[in-house]
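Residues per chain are reported as follows:
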Amino acid sequence: MSSEIANEDCIGWAARDPSGLLSPYKFSRRALGSDDVSLKITHCGVCYADVIWTRNKFGDAKYPLVPGHEIVGIVKEVGSNVDRFKVGDHIGVGTYVNSCRDCEYCNDKLEVHCVKGSVFTFNGVDVDGTITKGGYSSYIVVHERYCFRIPDNYPLRFAAPLLCAGITVYTPMMRHNMNHPGKSLGVIGLGGLGHLAVKFGKAFGLNVTVFSTSISKKEEALSLLGADKFVVSSDQQEMTALAKSLDFIIDTASGDHPFDPYMSLLKTAGVLVLVGAPSEVKLSPLSLIMGMRTISGSATGGTKHTQEMLDFCAANKIYPEVEIIPIQYANEALERLIKKDVKYRFVIDVENSLK
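Residues numbered from 1 in each chain as written. Predicted model: local features only at pLDDT ≥ 70, side-chain atom pairs only at ≥ 80, totals over all residues. Heavy atoms only, no water.

As recorded in an unreviewed UniProt entry, the protein goes by the name Enoyl reductase (ER) domain-containing protein, listed as coming from Liquidambar formosana. If you open the UniProt record of the protein and go to Sequence similarities (unreviewed entry), you find "Belongs to the zinc-containing alcohol dehydrogenase family." In its Cofactor (unreviewed entry) section, the UniProt record describing the protein reads: "Zn(2+)". (UniProt positions renumbered as here; feature names shortened; annotations may be inferred.)

See the structure below:
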């Protein structure tokens, strides 16, 4: 148990109001508990959630707000009961840092679906009553259950986007048995989530088709990411040619788009999983009834799948495509993220830029 008195020894970047503008901010982390890990943050991925909460899009932002929930770094201290990690280990922290640990979902290691609600890594209420603050900061204190081992051979800068973007697409792939070689997967949208869905699909031995509104992404989808096919979704002829050809679709698009054209591409008993967040989902009931199709949703993932995914990425040398930035560039990065001007995930080099 750490006896150190809380002082403002954590430095970060915070938004102070709904403008979302980030600037340097000093604050204190809670004292290290007996089950806690203190993690020196080396990198933090930039997620659209950082835009949503810094700008109070859901009306529940608690300022000053330190965003960031794709956190990786090195263990600097552990509580007396911690047995999974030691000082010097490489670990990650994802979108939540606590849960009730007692409900059926927590018991099944699906803590993100905790009946009492999981505690978000930032803008949540911590165990000591303070507001959680995320990874745009120098260090963080987290219960060991919500920390993940990053294999030693896996570069930390690549691990960060896996903690939200990666697990968001990996979880439904496991749940719907998309890891069977030879099956066919469609991926709608080619951003942070979509490009990892393509990489996972290829690693699972799937035949992967990318759907995008923009022809400009074709070359990278096929040559860089290894997709088998690229379709511009507005091309009626190309879409019709793929009717009833896909076993699965992962829809990562957050802009509003029609669903019936995509449902028609699924085979009998095919599944479309929604991981993006358009403002509404509209489709004809016949798109589900005829062909026994399913539309499903998925959030990030539980602790079991998260660790499994990190190990899978290390074993199969799956690396996100990242643009490394200093923390001083965070405001520009969020603006570029809104404009979809990133290939394919910003990662803040916290260790070398946060002073």
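Novice: Any chance you could break down the packing of helix α4 (residues 165–175) against helix α5 (residues 192–203) for me, citing the residues and the numbers?
Specialist: Where α4 contacts α5, the two axes come as close as 8 Å, and the packing angle between them is 50°. Put simply, α4 runs oblique to α5. Seen along the crossing, α4 lies across α5 with a hand that is right-handed. From α4, A165, G166, T168, V169, Y170 and M173 reach across to α5, where they touch G192, L193, L196, A197, F200 and G201. By residue class, the composition of the contact of α4 with α5 is eight nonpolar, four polar and no charged. (Axes fitted to C-alpha atoms, helices over the stretch in contact; angles between N-to-C directions. Helix = DSSP H or I, 4+ residues; strand = E, 2+ residues; numbered from the N terminus. Parallel < 35°, antiparallel > 145°, perpendicular 65-115°, else oblique. Left-handed = near helix turned anticlockwise from the far one by under 90°. Contact = heavy atoms within 4.5 Å. Nonpolar A, V, L, I, M, F, W, Y, C, P; charged D, E, K, R; others polar.)

Novice: Go over a nonpolar patch on the surface with me, naming the residues and quoting the values.
Specialist: Together, L286, I289 and M290 make up an exposed nonpolar region whose accessible area comes to about 330 Å². Mapped onto the secondary structure, M290 falls in the loop between α9 (285–289) and β15 (294–297). Residue classification places M290 among the exposed positions, given a relative accessible area of 52%. (Patch = residues over 30% accessible without salt bridge, like charges linked within 9 Å, V, L, I, M, F, W, Y side chains within 5 Å. Areas by Shrake-Rupley, 256 points an atom, 1.4 Å probe, with all protein chains shown as cover. Salt bridge = Lys/Arg side-chain N within 4 Å of Asp/Glu carboxyl O. Buried < 20%, exposed > 50% of the residue type's maximum accessible area, 1.4 Å probe, protein only.)

Novice: Which residues make up the sheet that holds strand β10 (residues 184–188), and what are the values?
Specialist: Spatially, the six strands line up as an open sheet ordered β12-β11-β10-β13-β14-β15, and their pairing is parallel. Of all the strands in the sheet, the pair left with one neighbour each is β12 (229–232) and β15. Across the sheet, the mean angle from the axis of one strand to that of its neighbour is 20°, orientation sign disregarded. With respect to the sheet, α5 is in contact with β10, β11 (207–212) and β13 (246–251), its orientation differing from that of β10 by roughly 170°. (Pairing = 2+ DSSP bridges.)

Novice: So what about the nonpolar core? Which residues, and what values?
Specialist: Soluble globular proteins tend to pack their nonpolar side chains together in the buried interior. In this structure, L185 and F200 are the most contacted members of the largest nonpolar core, which totals 47 residues. Sorting elements by how many residues they give to this core places α4 first, with six residues. Beyond its immediate sequence surroundings of up to four residues, L185 is in contact with M173, M178, A197, G201, L206, N207, V208, T209, L246, F248, I249 and I250. Of all hydrophobic cores here, the second largest spans 43 residues; its members include V51, I91, V141 and V342. (Core = buried A, V, L, I, M, F, W, Y, C linked by side-chain atoms within 4.5 Å.)

Novice: Residues and numbers for the environment of S279, please.
Specialist: Tracing the sequence through the fold places S279 in the loop between β14 (266–274) and α9. Within the structure, the side chain of S279 is placed 2.7 Å from the side chain of D256, a separation counted as a polar contact. (Polar contact = N/O pair within 3.5 Å; in protein donor to acceptor, adjacent residues only side chain to side chain.)

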